[in-house]
Amino acid sequence: MSPAKSAAICLSVTVLCFFPLIKDSSHSQLLVFASALPHQAESSPSSTLDFETYRTQIEPIFLKRREDEVTCYGCHSVLQTRMKLQTLDSGSNTWTEAQSRKNFDAVSKLVVPGRPTQSHFLLHPLAPDAGGDPQHTGGKFWKTQNDPEWKMIAAWVLKASPTEAAATPSQSQPTLDFEFFRQRVQPIFLEFRTGHARCYSCHTETNNNFRLQKLSPGSSSWTDTQTRLNFQSASRHVVPGDPTTSRLLLHPLAPEAGGDPFHSGGRQFFSKTDSSWVAMSEWVVGAKAEPLTSEKTMQSEPDALIYFVNNAADTAEAIDPATNSVVQVISGVEVPHGINISRDGARLFLSSEADQTLVVLERKSGCVLARIALGGRPNNLTMTKDRSLVLVGIRSAPGAVDVISTDSLKVVKTIPMSGEVHNIFLTPDGKYVVAGSIEGKEATVIDARTLEAVWSVKFDRGVRPMAFETAEDGSTKRIFVQLSGYNGFALVDFAKRAEVGRIKLPDTPGGFGILAGRSAVPSHGIGTQPGGKKLWIASTEANAVFAYSLPGLELLGHVDLPKTRRPDNSVLGAVPEWIAFSVDGNTMYVTDSGLMLVSVIDTDTMKELKEIPVGQVPKRIYTLPIGSSSR
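Fair warning: this is a prediction, and the values are worked out from it, not measured in the lab.

Caption draft 1: Molecular detail of the packing of helix 9 (residues 178-185) against helix 11 (residues 224-235). One way to put it is that helix 9 packs onto helix 11 with a least axis distance of 10 Å and a crossing angle of 95 degrees. As the angle between them shows, helix 9 and helix 11 are arranged roughly perpendicular. The residues of helix 11 that touch helix 9, namely those facing F178, F181 and R182, are D224, T227, R228, N230, F231 and A234. Of the residues belonging to the contact of helix 9 with helix 11, the class tally is 4 nonpolar, 2 polar and 3 charged.

Caption draft 2: Highlighting the sheet that holds strand 3 (residues 325-331). Across the sheet, 4 strands lie side by side as 3-2-1-30; this open sheet has antiparallel pairing. Each having just a single partner strand, strand 3 and strand 30 (618-625) make up the two edges of the open sheet. Along the sheet, successive strands turn relative to each other by an average axial angle of 25 degrees, direction set aside. Relative to strand 30, strand 1 (residues 304-310) is paired through 6 bridges, and the arrangement is antiparallel. Bridged to F308 within strand 30 is I621.

Caption draft 3: Just the pattern of salt bridges, in detail. Applying the stated criterion across every chain, the model contains 18 salt bridges. Note that R566 is salt-bridged to D568, the shortest N-O span being 3.9 Å. By relative accessible area, which is 53% here, D568 ends up exposed. Connected via shared salt-bridge partners are E179, R182, D224 and R228.

Caption draft 4: Region of the structure containing the nonpolar core. Among the nonpolar cores identified, the biggest contains 45 residues, and F459 and V481 are the most heavily contacted of them. If one sorts the elements of this core by residue count, strand 1 sits on top with 5 residues. Filtering out sequence-adjacent residues up to four positions away, V481 remains in contact with F459, V463, P465, M466, F489, A490 and V492. Counting residues in hydrophobic clusters, the runner-up holds 29 residues, among them L49, F104, L122 and W156.

Parameters at a glance
- Residues numbered from 1 in each chain as written.
- Predicted model: local features only at pLDDT ≥ 70, side-chain atom pairs only at ≥ 80, totals over all residues.
- Heavy atoms only, no water.
- Axes fitted to C-alpha atoms, helices over the stretch in contact; angles between N-to-C directions.
- Helix = DSSP H or I, 4+ residues; strand = E, 2+ residues; numbered from the N terminus.
- Parallel < 35°, antiparallel > 145°, perpendicular 65-115°, else oblique.
- Contact = heavy atoms within 4.5 Å.
- Nonpolar A, V, L, I, M, F, W, Y, C, P; charged D, E, K, R; others polar.
- Pairing = 2+ DSSP bridges.
- Salt bridge = Lys/Arg side-chain N within 4 Å of Asp/Glu carboxyl O.
- Buried < 20%, exposed > 50% of the residue type's maximum accessible area, 1.4 Å probe, protein only.
- Core = buried A, V, L, I, M, F, W, Y, C linked by side-chain atoms within 4.5 Å.

Okay, here's the thing in structure tokens:
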């Protein structure tokens, strides 16, 4: 059999399946890291292994034909393995002395002089029952340590004197960190990406050397026991300290970047600068994960980030309120609508109008963990107070609310509505969910415990965003409801279950919104400032946000929003959409969808502090807990 055919047999044994994480703002750092990755040294470590014995007795083994006509040379001259053999000259059936010395150097690095049972060279092709490694892509050549071939190599190793380096653990062999694997590497195996199958889809089958554990029914993540088994499986396919010879990284890497010639899972990494490849490289070279509850982690991460979605893109962004700058851009969710976060701050939930799914992402990496099919085109979403359930408004007729378990990541209930649901909110006390319908002109109150609709309020206009006022005992006192075609808001008495009045915003400033075609939505964006003393309302008509006192609802003033002039000298306003606040309530964030900005406003001085350039048509914006406040 030809060397090429032998290589093909070896290649077919192991199939790995990976694909890249979504790149974030640390991409430039990853490039620097990748360029600094260690490469295999050209010279072998000093040892007393005998070269002549190697060349006359050991090296010929590499050309020996075994079962199915496979040779060591067939794989080890083609693949980027740790034991890389030199390619024979055309027409030759043996190596030159210069080539043999290079082979000797490669083999010597896999031997601990004087210690056969600690030498990778002898253990990798040895059967596990005889003390060998669990896996060898090329198969197990020696069933016992009494095999004549194994004994001959062992004798060669025994005659060599242990070097000083061999007498102590090698500093070039770092320990693989389990927590780093759990946090940074393992999520790659469950990631969804357009045009690719998940690693999990193939690697749970028994015909793969790299074997992942099957998830328990209804579960979206592995248990600790399963994770440890995955860790063991992955560890067998890496060379600690050397990503450039670790099969876990080379098999899915494009050949042009130095990877294996073929991977059944496709070319998942096109370069070594890919963030997924770099994350795995960090693990291989010994990177350690910081404890999730460490003091450093708690100090370096804010209690909350201001997350918003870019409605005309596939991105969501996060603003750090400490710096009022964008610190993360997540992509891959086309036409995102609502966004929320898990209790531990580790996962984000985004509703995607484009593919009618609830998308689950790892927050820090932006890795897509799951896409959950919904009953129709989703709009906004909210979560129960304990964050065990996600409730998604379904805008497709006849309208519904899909309820998804954050544990099983499955739709566990669909609540029928009398109209298509646009926006949906949790009351501050966590007892009720309020769903608003533009088409149905109705706000429906749902019991958050029973998940049943309990009462509703009808309006003469479509229901837009809402905000809430609490009573002294923490219960919901009033709902402030923005309506289609009304530059103001309606008042709903929660106890009376009825509308009790409306407040129209001042006529001046005014005259904006017509050029943007938003005259049918003159007022959009409303929020109760933390502390419950002010209600803020955004107005496209006024190109401003207005402040009202609570509970008296007296007008306190307004803050003008950015505007721009067109070539014809006409003025285009910001087209404000949504409002969010910092945790302390001192800062307000307004998405200016017409100008692709987020306005940062001081709620005390009522002055704009900053305008942050963002993505295409920013809309829904929320303050999401990610630090200690989320636990």
